[in-house]
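Spelled out from the first residue to the last, the chains are:
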Amino acid sequence: AQSVAQPEDQVNVAEGNPLTVKCTYSVSGNPYLFWYVQYPNRGLQFLLKYITGDNLVKGSYGFEAEFNKSQTSFHLKKPSALVSDSALYFCAVRETRYNFNKFYFGSGTKLNVKP
Amino acid sequence: DTEVTQTPKHLVMGMTNKKSLKCEQHMGHRAMYWYKQKAKKPPELMFVYSYEKLSINESVPSRFSPECPNSSLLNLHLHALQPEDSALYLCASSQAGISEGKALEQYFGPGTRLTVT
């Protein structure tokens, strides 16, 4: 079965500094990986995805993620954090073997960006 | 347009009430999902519809009854809920299957905040 892990419950960073939110995955077959952001009392918002191709994928709001096959990681990054980036971030992987319409989510990482 | 809409935004219901949550998308997606989310936790999958047929039921209690009247609409009928069912209920949609060339991400609605008293 597919799974993703987010080892940090919370990440604190100062505004203007680079940020990294970590995600590792375990999959059978090709990894289809996603990052979502959730603001309080809102739905999840799609940020970016890795399906195939370049290991560095760019997404919305200046976010990017680096796919590393040897380390089975898909870390979310941003060169310069904004206070408005403070939110809950989820890494997810899509099932590619049996129930294709099933997604597995990590436990979430709360990002706090302080002014 | 990548919008999924959900109504109502908030719902308070007693344990003997019957109510329904509604979800709509017009992206041509043929997979639609219901998730339950507790505070600061990841979404928990409840049901998946693929081409208007129920394809996944994650052992959800029968007091939750999903319905997919057509390819754009998804309902969740609620009856005799318990206080522990209070949560944010999220609807999502995606392309069905993982064929080459398909966009594979899910799109989520804003959710319905359900409180059971």
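Now for a description of the structure that goes with this document. Just so it is clear, the structure is predicted and the values come from calculations on it, not from any experiment.

1. Focus on the overall build of chain B
Line of reasoning, step 1. Secondary structure summary: chain B contains 0 helices and 11 strands in total.
Line of reasoning, step 2. For chain B, the α and β elements follow one another from N to C terminus as β-β-β-β-β-β-β-β-β-β-β.
Line of reasoning, step 3. For chain B, whose C-alpha radius of gyration is 14 Å, the value lies close to the compact-globule estimate of 13 Å for 117 residues.
Line of reasoning, step 4. C-alpha atoms of chain B, sized along the principal axes, occupy 45 × 25 × 20 Å.
Line of reasoning, step 5. Evaluated residue by residue, chain B yields a buried proportion of 50% over its 117 residues.
Line of reasoning, step 6. Sequence-distant contacts, at least 24 apart, represent 55% of the contacts inside chain B between residues at least 6 apart.
Line of reasoning, step 7. Just so you have it, chain B exposes about 5600 Å², and 49% of that area is on carbon and sulfur atoms.
Line of reasoning, step 8. Averaging the positions of the 13 positive and the 11 negative side-chain charges in chain B gives two centres separated by 8 Å.

2. Some points on the sheet that holds strand S3 (residues 18-25) of chain B
The pairing of strands in a sheet happens through backbone hydrogen bonds and is either parallel or antiparallel.
Residues and elements named next belong to chain B.
Line of reasoning, step 1. Ordered by their spatial adjacency, 4 strands build an open sheet running S1-S3-S8-S7, and the pairing between neighbours is antiparallel. Lying at the two open borders of the sheet, with one neighbouring strand each, are strand S1 (4-7) and strand S7 (64-70). Between one strand axis and the next, the sheet turns through 20° on average, direction left out of account.
Line of reasoning, step 2. The sheet contact formed by S7 and strand S8 (residues 73-79) spans 5 bridges and is antiparallel. Considered in S8, the bridge of proline 66 is made with leucine 76.

3. Here we look at the interface of chain B and chain A
Line of reasoning, step 1. On the side of chain A, 24 residues touch chain B, which itself brings 29 residues to the contact.
Line of reasoning, step 2. On the chain B side of the contact with chain A, Ile98, Leu104 and Glu105 of chain B bury the most area, a combined 28% of that side's loss.
Line of reasoning, step 3. There are 2 salt bridges connecting chain B and chain A.
Line of reasoning, step 4. Residues lysine 102 of chain A and glutamate 58 of chain B are paired through a salt bridge, measuring 3.2 Å at the closest nitrogen-oxygen approach.
Line of reasoning, step 5. Here chain B is connected to chain A by 10 residue pairs in polar contact (both at pLDDT 80 or more).

4. Section: the nonpolar core
Line of reasoning, step 1. Phe105 of chain A together with Trp34, Tyr35, Phe64, Leu76 and Leu78 of chain B are the most contacted members of the largest nonpolar core, which has 47 residues in total.
Line of reasoning, step 2. Here the element with the most residues in this core is strand S9 (residues 87-94) of chain B; it accounts for 6 residues.
Line of reasoning, step 3. Tyrosine 35 of chain B has contacts with Phe103 and Phe105 of chain A together with Pro43, Glu44, Leu45, Met46, Leu88, Tyr89, Leu90, Ala92, Gln106 and Phe108 of chain B, leaving out every residue within four places of it along the chain.
Line of reasoning, step 4. Counting residues in hydrophobic clusters, the runner-up holds 26 residues, among them Val21, Val57, Phe74 and Leu111 of chain A.

Procedures and definitions
Residues numbered from 1 in each chain as written. Chains lettered and ligands numbered in written order. Predicted model: local features only at pLDDT ≥ 70, side-chain atom pairs only at ≥ 80, totals over all residues. Heavy atoms only, no water. Helix = DSSP H or I, 4+ residues; strand = E, 2+ residues; numbered from the N terminus. Rg over C-alpha atoms; globule rule 2.2 N^0.38 Å. Buried < 20%, exposed > 50% of the residue type's maximum accessible area, 1.4 Å probe, protein only. Contact = heavy atoms within 4.5 Å. Areas by Shrake-Rupley, 256 points an atom, 1.4 Å probe, with all protein chains shown as cover. Lys, Arg positive; Asp, Glu negative; His and termini not counted. Charge placed at Lys NZ, Arg CZ, Asp CG, Glu CD. Pairing = 2+ DSSP bridges. Axes fitted to C-alpha atoms, helices over the stretch in contact; angles between N-to-C directions. Buried area = accessible area lost by both parts, 1.4 Å probe. Salt bridge = Lys/Arg side-chain N within 4 Å of Asp/Glu carboxyl O. Polar contact = N/O pair within 3.5 Å; in protein donor to acceptor, adjacent residues only side chain to side chain. Core = buried A, V, L, I, M, F, W, Y, C linked by side-chain atoms within 4.5 Å.

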